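Here are the chains, one letter per residue:
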Amino acid sequence: MNKDELLNSTLKNDRASFSELKKALKVIDGSEFEFGYSLGVSSNVTLNGFDVYLKKQGYISEVNADVQMGGYDDLQGDFDSFKSNGIQNVLVLLNFDNLLPSFESQVEHLDDEFIYAKIMDVKSSLLVALSGGDVFQSITITDFHLSFVGSNELRVKEVLGRFNVMLRECADQFDNVSLLSLSAVVADVGRYNAIDSRFYFMSKAPYKRLLLDHLARRLTSASRQFGARVYKAVVFDCDNTLWGGVVGEDLLGGIALNPYDYPGNIFWRIQQEILSLIERDVIICLCSKNNPEDVLEVLEEHPHCLLSNENIVAKKVNWSSKVDNILALSEELNIGLDSMVFVDDSSFECESVKARLPSVNTIQVPKNISEYISVFDTIKDLFPYVSSRNSDLSKTQQYKIRELSEKQRMNFSSQEEYLESLEIKALLTFNESSGKARISELSQKSNQFNLTTKRYTSLEVGKLIDSSTAVVAAVDVTDKFGGCGLTGAVIGRINGSVFSVDAFFMSCRVIARSIEFSIWPEILKRAVELGAKRIHASYYPTSKNMQVADFYDRLGFVEVHENSDGARKYEQEIKQLELIKIDWIEVEISDC
Amino acid sequence: MTVSRIKQVMASVLEVPEESINEASSNDNIGSWDSIQHMNLVLALEEEFDVAILDEDAANITSFPLIRIVVNELLES
């Protein structure tokens, strides 16, 4: 199959399987698409397969999308790596339920003070990242949504609303930041089709593929086909598009535009949406086969018509073909056809415009008129949101006052300062047998942050814990929002005067906060107490642990040998070590 | 037949040659078999055989023999 056939048979086919999609993407060589778009995706959950759907949408829009998926829950780290990789656009997706373990279920029992503190915590970490994100062309943040239905749904929704207000406030502070409604996408596909509880609880991957596919579409459309398009104007038909019925036949009193009756209420709502487009500086035009005076009469005299003649920048109300009229509008306004959107209820008109003016984005009013609202959402996505700074003064003032008080409260100039505010504590427990099952489990499961990838059974860990010449240090992490549990371990043996570190592994959940560095002074102190003078440590490469290849170097060890396979060995006098200092983490030794 | 279909799915998801998959193949010796590809593998097996793999099995099928056992059980039931 050639590329065009693949594009039509697989990429544009909603029923194509995920593996078919991946195969097709491999065949389609991105290099032939001239327009490139780079996107980094940062999330506090795993978005498995999202890159595939983004690339698919890219190719459909004839854009070669370079997608880089960030790490797990490492906003600042992701931003840094996107920057160094020259990524130009960023999507931030924070999943509400995963902000804290099963947050939705916790919300009912938490008081408002705690909720407020958590909102401030998320806000400050976002603001730190966004302040350093001015090199990006665009940063899109998705809103928070409900994942599960519980008895406390109303309370969760109320708290969710507060988190979303916070997101809006963050977005409003930066010119390159906008919001995208993930909650609308979840609603569109339905929560059952959107949320994958199996892989959420197993692997922190809460979204089903259908949701990711739809989110990719939404993002593509919101980024105006990944920046390949900049829309400026919407050209509306009138009858059955701006109001229900035909004004020439039903007359002024007969058309449906009454906010209290069906289907007038739908068209009235659509007009509200058009007004919000006007606020976004979108050029609104009319193109209708009608008598001009009939249309003018609706605009000026219909009691429920929200659009007025002044709102319409240009109109072609006549009996000529729509194609000719759109061409004339394009010329009159001096804007390209590819920056125009055309909305009409007639299949005939839509098809003829699509056929003769393919660069115009033609959108048909759905036959089921109740679907018009969601179709209109996709039109709104084509036009970027203008921040509230342009809105009325009182609102701006309100924001200013709030902004100021918050700046005083949490003006973090650096990631370190922010981390400090989290009050992170690392609790070290040495040779405590109650942790053996969890340490064994971590050694089996940790792949990325695992220096030697030695796997221990619970029995083996138990034996080491009981041995007087072994150091088994377990790390418990807490911050002001609660505990993360036992999330890391160092296992070493004392042999005469040498402390050999056999294993060091941590759960990915807690890295990027420098806990991995903070615990070492205490561990070495313990080794010295047991008679050690020198330390031996190693890094053994696997296909998954590249990120810690230079961990010991960063910690302050001096490498003595590197094998051809990338394994590194470190041997040093403990006294001579100069370890990196981590001031913002309090390390405590547990007595138990 | 089932065995070769399992191998095809594994080869495609894990991006390894089909003929390299044998009784010893597991997430310990296939480098690309990380937790993300594991999810993809479970989903791809469900798609290929039109079955629903139970949660416990989904977490545990980390080798070719285990996958074969679980898929066969599902197809027989």
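Our subject in this report is the structure included herewith. Fair warning: this is a prediction, and the values are worked out from it, not measured in the lab. (Residues numbered from 1 in each chain as written. Chains lettered and ligands numbered in written order. Predicted model: local features only at pLDDT ≥ 70, side-chain atom pairs only at ≥ 80, totals over all residues. Heavy atoms only, no water.)

### Remarks on the overall build of chain A
And then number 1: If you tally the helices and strands in chain A, you get 24 helices and 18 strands.
And then number 2: Out of the 592 residues belonging to chain A, those deemed buried represent 51%.
And then number 3: Within chain A, residue pairs in contact and separated by at least 24 positions form 70% of the contacts whose partners lie at least 6 positions apart.
And then number 4: Carbon and sulfur atoms make up 48% of the accessible area of chain A, which totals about 26700 Å². (Helix = DSSP H or I, 4+ residues; strand = E, 2+ residues; numbered from the N terminus. Buried < 20%, exposed > 50% of the residue type's maximum accessible area, 1.4 Å probe, protein only. Contact = heavy atoms within 4.5 Å. Areas by Shrake-Rupley, 256 points an atom, 1.4 Å probe, with all protein chains shown as cover.)

### Topic: the side chain of E153 of chain A
And then number 1: With respect to the helices, strands and loops of the structure, E153 of chain A is situated in helix α7 (residues 153-172).
And then number 2: When near neighbours in sequence (up to four residues on either side) are disregarded, E153 of chain A contacts L146 and R191 of chain A.

### What to know about the interface of chain A and chain B
And then number 1: Opposite the 17 residues of chain A that make contact, chain B presents 20 residues.
And then number 2: At the boundary of chain A and chain B, one finds 2 salt bridges.
And then number 3: E15 of chain B is the partner of K26 of chain A in a salt bridge, and the nearest nitrogen-oxygen pair spans 3.0 Å.
And then number 4: Across the chain A-chain B interface, the total number found is 7 residue pairs in polar contact (both at pLDDT 80 or more).
And then number 5: If you list the elements that add at least two residues to the side of chain A that touches chain B, you get α2 (18-27) and α10 (197-203) of chain A.
And then number 6: Here the side of chain A that touches chain B takes 5 residues from α2 of chain A, the largest share from any one element.
And then number 7: A per-class count over the side of chain A that touches chain B returns 4 nonpolar, 6 polar and 7 charged. (Salt bridge = Lys/Arg side-chain N within 4 Å of Asp/Glu carboxyl O. Polar contact = N/O pair within 3.5 Å; in protein donor to acceptor, adjacent residues only side chain to side chain. Nonpolar A, V, L, I, M, F, W, Y, C, P; charged D, E, K, R; others polar.)

### Digging into the pattern of salt bridges
And then number 1: This structure, assessed with the given rule, holds 32 salt bridges over all chains.
And then number 2: A salt bridge links E23 of chain B to R68 of chain B, with the shortest nitrogen-to-oxygen separation between them at 2.5 Å. With E23 of chain B in the loop between α1 (2-14) and α2 (35-49) and R68 of chain B in helix α4 (residues 64-76), this pair connects stretches of sequence that are 45 residues apart.
And then number 3: R68 of chain B sits in the partly exposed class, given a relative accessible area of 21%.
And then number 4: The network of salt bridges with common partners includes D14, K56, D213 and R217 of chain A.

### Things to note about the packing of aromatic side chains
Residue and element names in this part refer to chain A.
And then number 1: What the rule picks out here adds up to 25 aromatic pairs over all chains.
And then number 2: Centroid distance F96 to F103: 4.9 Å. Interplanar angle 35°. Geometry classified as tilted. Pair check on accessibility: F96 and F103 agree, each one buried.
And then number 3: Ring centres of W520 and Y552 lie 5.9 Å apart, and the angle between their planes is 85°; on these two criteria the pair is classed as edge-to-face. Taken together, the positions of W520 in helix α23 (residues 520-529) and Y552 in helix α24 (residues 551-555) put the pair 32 residues apart, joining distant regions of the chain.
And then number 4: On the basis of relative accessibility, which here comes to 1%, the residue Y552 falls in the buried class.
And then number 5: By the ring-pair criterion, three or more aromatic residues cluster together here, those being F449, F504, F517, W520, F551, Y552, F557 and Y570.
And then number 6: Across the ring face of Y192, the terminal group of K208 is positioned such that the distance to the ring centre comes to 4.4 Å.
And then number 7: The ring of F18 carries the charged tip of R209 above its face, separated from the ring centre by 3.7 Å. (Phe/Tyr/Trp six-rings, centres within 6.5 Å; stacked < 30°, edge-to-face > 60°. Lys NZ or Arg CZ within 6 Å of the ring centre and 35° of its normal.)

### Describing the sheet that holds strand β11 (residues 424-430) of chain A
Residue and element names in this part refer to chain A.
And then number 1: Strand order in the open sheet formed by 8 strands is β16-β17-β15-β14-β13-β12-β11-β18, with mixed pairing between adjacent strands. Each end of this open sheet is capped by a strand with a single partner; those strands are β16 (559-562) and β18 (585-589). For this sheet the average axis-to-axis angle between neighbouring strands, irrespective of direction, equals 25°.
And then number 2: Here 4 bridges tie strand β14 (residues 498-506) to strand β15 (residues 534-539), and the two strands are oriented parallel to one another. When the bridges of β15 are listed, V501 appears paired with A537.
And then number 3: Along the sheet, helix α20 (residues 436-445) makes contact with β12 (470-479), β13 (482-495) and β14, crossing β13 at roughly 85°.
And then number 4: Along the sheet, helix α21 (residues 458-466) contacts β12 and β13; its crossing angle with β12, the most-contacted strand, is approximately 105°. (Pairing = 2+ DSSP bridges. Axes fitted to C-alpha atoms, helices over the stretch in contact; angles between N-to-C directions.)

### Digging into the sheet that holds strand β1 (residues 36-43) of chain A
All names here are of chain A.
And then number 1: Pairing is parallel in the open sheet, where 5 strands are placed in the order β2-β1-β3-β4-β5. Edge positions in the sheet fall to β2 (64-72) and β5 (177-180), since each of these pairs with one other strand and no more. Neighbour to neighbour, the strand axes of the sheet diverge by 20° on average, direction disregarded.
And then number 2: Two strands pair when backbone bridges link them, and β1 and strand β3 (residues 89-93) are joined in this way by 5 bridges, in the parallel orientation. By the bridge assignment for β3, V41 is matched with L91.
And then number 3: The sheet contacts of helix α11 (residues 209-222) involve β1, β3, β4 (138-142) and β5, and relative to β5 the element is tilted by about 140°.

### Details of the environment of G36 of chain A
And then number 1: Position of G36 of chain A relative to the elements: it lies in strand β1.
And then number 2: With near-sequence residues (within four places) excluded, G36 of chain A lies in contact with V63 and N64 of chain A.

### Focus on the environment of L577 of chain A
All names here are of chain A.
And then number 1: Summarising the element assignment, L577 is placed in the loop between β17 (568-573) and β18.
And then number 2: The class of L577 is buried, set by a relative accessible area of 13%.
And then number 3: Residues within four places of L577 in sequence aside, it is in contact with L524, I535, G556, F557 and Q572.

### Here we look at a negative patch on the surface
And then number 1: Negative charge collects at one region of the surface, where E297, E300, E301 and E310 of chain A lie side by side.
And then number 2: Of note, E300 of chain A is situated in helix α14 (residues 292-301). (Patch = residues over 30% accessible without salt bridge, like charges linked within 9 Å, V, L, I, M, F, W, Y side chains within 5 Å. Lys, Arg positive; Asp, Glu negative; His and termini not counted. Charge placed at Lys NZ, Arg CZ, Asp CG, Glu CD.)

### Structural notes on the packing of helix α12 (residues 247-254) of chain A against α14 of chain A
All names here are of chain A.
And then number 1: It is the contact of α12 with α14, at a shortest axis distance of 10 Å, that shows an interaxial angle of 20°. Relative to α14, the element α12 is oriented roughly parallel. When you trace α12 past α14, the crossing you get is left-handed. Where α12 approaches α14, its residues V247, G248 and L252 are matched on the opposing element by D294, E297, V298 and E301.
And then number 2: Taken together, the residues that form the contact of α12 with α14 break down as 3 nonpolar, 1 polar and 3 charged. (Parallel < 35°, antiparallel > 145°, perpendicular 65-115°, else oblique. Left-handed = near helix turned anticlockwise from the far one by under 90°.)

### Re the side chain of E104 of chain A
And then number 1: With respect to the helices and strands, the residue E104 of chain A is situated in helix α5 (residues 103-107).
And then number 2: Those residues in contact with E104 of chain A that sit more than four places away from it in its chain are F96, D97, H145, L146, S147, F148, N152 and V156 of chain A.

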